[in-house]
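# Inside the fold
Chain by chain, the residues:
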Amino acid sequence: MEDRKAPLSQFRPKSLLLSTVRVVAINISSTLSTYFSDQLQSEQDNEKLVDDGEITPDEADERNEERGSREWQQRMDALPKKIGYALWRFHTCTALMRLYEFIIGRYILSVDGNARLEGGSVRGRDNSTYEHSVDIMDKLTRDPFQASLRTSQILHNQEHSPGKVLSSDGKETSTSSELYKQMYTTCLWANIIPFLAELTVQHGILLYGYGVYYMEKKRRRQEKENSDGNADEQCNDEQDEAETVDETAYALSILFRSCHLTFSRGLSWIAASVGGAAGSVIYPGWGAVFGIQIGDTSVGALLD
């Protein structure tokens, strides 16, 4: 469990600086790429109008300039809030990761805490069971960056001929194939807790948004009822029936969004593991980090 982080390690100066720079860079690049993509699409639409004779080239240039200035100002004004929200979300997810690691290590696998004896075993459990629990905890808390470097180095040291190693089943295979296979398994295990934490945060945001919407709608309905206090009984019965149908649709909407969110994050977990393994083959270390990020965002762009 050498890669396991301390509970508040994300708030250490170096880690805090790196995470802040990373989050800020990602949000700035995302904002700029979206702006230029939308601007290009708008210009293409205006060019089509010019070709159809609906507007003149001067009008198209004026529209492009007006829209570009307006959209740029709006996105720059919204960028600080977007970065602040991203930082809050990042640190919330990281804190949840540490919490899940604590719960799994202390109460599920029982590899932490006072129950562990000095000899490395746990009171009431044999050594093989304890070692198996430690192995699982090590897989769950492994750092893909460091694991990619270590696995690549070990495999290259085990080569019996250039680019060839023996796989776990004793068959000769290429070093790249074996590295991909091992890193895919490593990333699958290592991404379970981060993606679970992210899914928890997203469900929390989903429920909060629906809760705010529901309470606001309920408040407006009560205000309307108070203003229409002289409505007859038939109208009240029809309104009660409509409210029942509305709440049922509301609950189904939450269920549908929750299932879609869970399915999306599940696919992202697999795609991120594939990306991390492929990145490790291309460039061990940072290749795994960028591969995980690309796999995650690719699925998110397709399904969100």
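Worth saying up front: this structure is predicted, and the values here are computed from it rather than measured.

The rules behind the values
Once a new chain begins, its residue numbering starts again from 1 and follows that chain's sequence as written. The predicted nature of this model means local features are confined to residues of pLDDT at least 70 and side-chain atom pairs, given and counted, to a pLDDT of 80 or more, with totals for whole chains, interfaces and linings taken over all residues. For side-chain calculations, the full set of non-hydrogen atoms in the structure is used, while hydrogens and water are omitted. Secondary structure elements are defined from DSSP: runs of H or I of at least 4 residues count as helices, runs of E of at least 2 residues count as strands, and each element is numbered from the N terminus. Residues are treated as being in contact if the distance between any of their heavy atoms lies within 4.5 Å. Between the first and last residue of a helix there are one fewer steps than residues, each counted as 1.5 Å, and that sum is the expected span. The buried label goes to any residue with under 20% of its type's maximum accessible area, the exposed label to any with over 50%, and the partly exposed label to all in between, with areas taken from a 1.4 Å probe on protein chains only. Residues form patches when they are more than 30% accessible in relative terms and have no salt bridge. Like charges link within 9 Å. Nonpolar side chains (Val, Leu, Ile, Met, Phe, Trp, Tyr) link within 5 Å. Where accessible areas are quoted, they stem from the Shrake-Rupley method and a 1.4 Å probe; at the residue level, only the protein chains shown are allowed to cover. A pairing counts as a salt bridge when a side-chain nitrogen of Lys or Arg comes within 4 Å of a carboxyl oxygen of Asp or Glu. Counting rule applied: Lys, Arg positive; Asp, Glu negative; His and chain ends not counted. One atom stands in for each charge, and that atom is NZ of Lys, CZ of Arg, CG of Asp or CD of Glu. The convention used is that axes are lines fitted to C-alpha atoms, helices contributing only their stretch in contact, and that angles between N-to-C directions extend from 0 to 180 degrees. Working definition: roughly parallel below 35 degrees, roughly antiparallel above 145 degrees, roughly perpendicular at 65 to 115 degrees, and oblique for all remaining angles. Should the near helix be turned anticlockwise from the far one by less than a right angle, the crossing is termed left-handed; should it be turned clockwise, right-handed. The predictor rates its confidence in each residue with pLDDT, a number between 0 and 100. For our purposes a nonpolar core is just a set of buried Ala, Val, Leu, Ile, Met, Phe, Trp, Tyr and Cys residues, chained together by side-chain atoms within 4.5 Å.

Our focus in this paragraph is the side chain of S167. Residue position: S167 is located in the loop between β1 (164-166) and β2 (172-174). With sequence-adjacent residues up to four places away left out, S167 is seen in contact with T173 and E178.

Let us now look at helix α5 (residues 175-190). Counted at 1.5 Å a residue, the expected span for α5 with its 16 residues is 22 Å, and the 22 Å between its end C-alpha atoms agrees. Within α5, the full set of buried residues consists of T175, E178, L179, M183, T186, C187, L188 and A190.

This brings us to a nonpolar patch on the surface. Residues Y180, F263, L267, I270, V274, V281, I282, Y283, W286, V289, F290 and I294 make up a contiguous nonpolar surface patch of roughly 1,200 Å² in combined accessible area. At the level of secondary structure, the elements contributing two or more residues to the nonpolar patch comprise α7 (233-282) and α8 (286-303). Residue contributions to the nonpolar patch peak at six residues, all from α7. Position of I282 among the secondary structure elements: in helix α7.

For the structure on display, the rule yields nine salt bridges. Between R98 and E101 there is a salt bridge, with its nearest N and O atoms 3.1 Å apart. One end of the pair, R98, and the other, E101, are both in helix α2 (residues 57-108), three residues apart, so they sit about a helical turn from each other. Taking relative accessible area as the criterion, R98 reaches 12% and is therefore assigned buried. Close ionic contact of E216 with R219 constitutes a salt bridge, the shortest N to O distance being 2.4 Å. Note that E216 and R219 are positioned in helix α6 (residues 192-227) at a spacing of three residues, about one turn of the helix. You can call E216 partly exposed: its relative accessible area is 30%. A relative accessible area of 36% places R219 in the partly exposed class. The network of salt bridges with common partners includes D38, E71 and R75.

All right, on to a negative patch on the surface then. On the surface, E43, E47, D51, D52, E54, D58, E59, D61, E62, E65 and E66 cluster together into a patch of negative charge. Elements with a contribution of two residues or more to the negative patch: α1 (13-51) and α2. No other element matches the six residues that α2 contributes to the negative patch. If you trace the backbone, D52 turns up in the loop between α1 and α2.

Once that is clear, we can look at the packing of helix α4 (residues 144-157) against α5. Two numbers describe how α4 lies on α5: the axes approach to 10 Å, and their chain directions differ by 155 degrees. On the basis of their axis angle, the class for α4 and α5 is roughly antiparallel. The interaxial crossing formed by α4 with α5 has right-handed handedness. Taken together, the residues of α5 that come into contact with α4 (itself represented by P144, A147, S148, T151, S152, L155 and H156) are T175, E178, L179, Q182, M183, T186, C187 and A190.

Model confidence for the chain is summarised by a mean pLDDT of 85, while 88% of its residues fall at 70 or above. Summarising per-element confidence for the chain, the mean pLDDT is lowest in α7 (81) and highest in α5 (94). Every residue in residues 114-119 is under pLDDT 50, and counting partners more than four places away or in other chains gives ten contacts.

Take the nonpolar core next. Grouped together as the largest cluster of nonpolar side chains are 14 residues, with contacts concentrated most on I104, L109 and I193. It is α2 that contributes the most residues to this core, five residues altogether. Counting eight residues, the second-largest nonpolar core is a separate cluster that includes M183, F195, A277 and I292.

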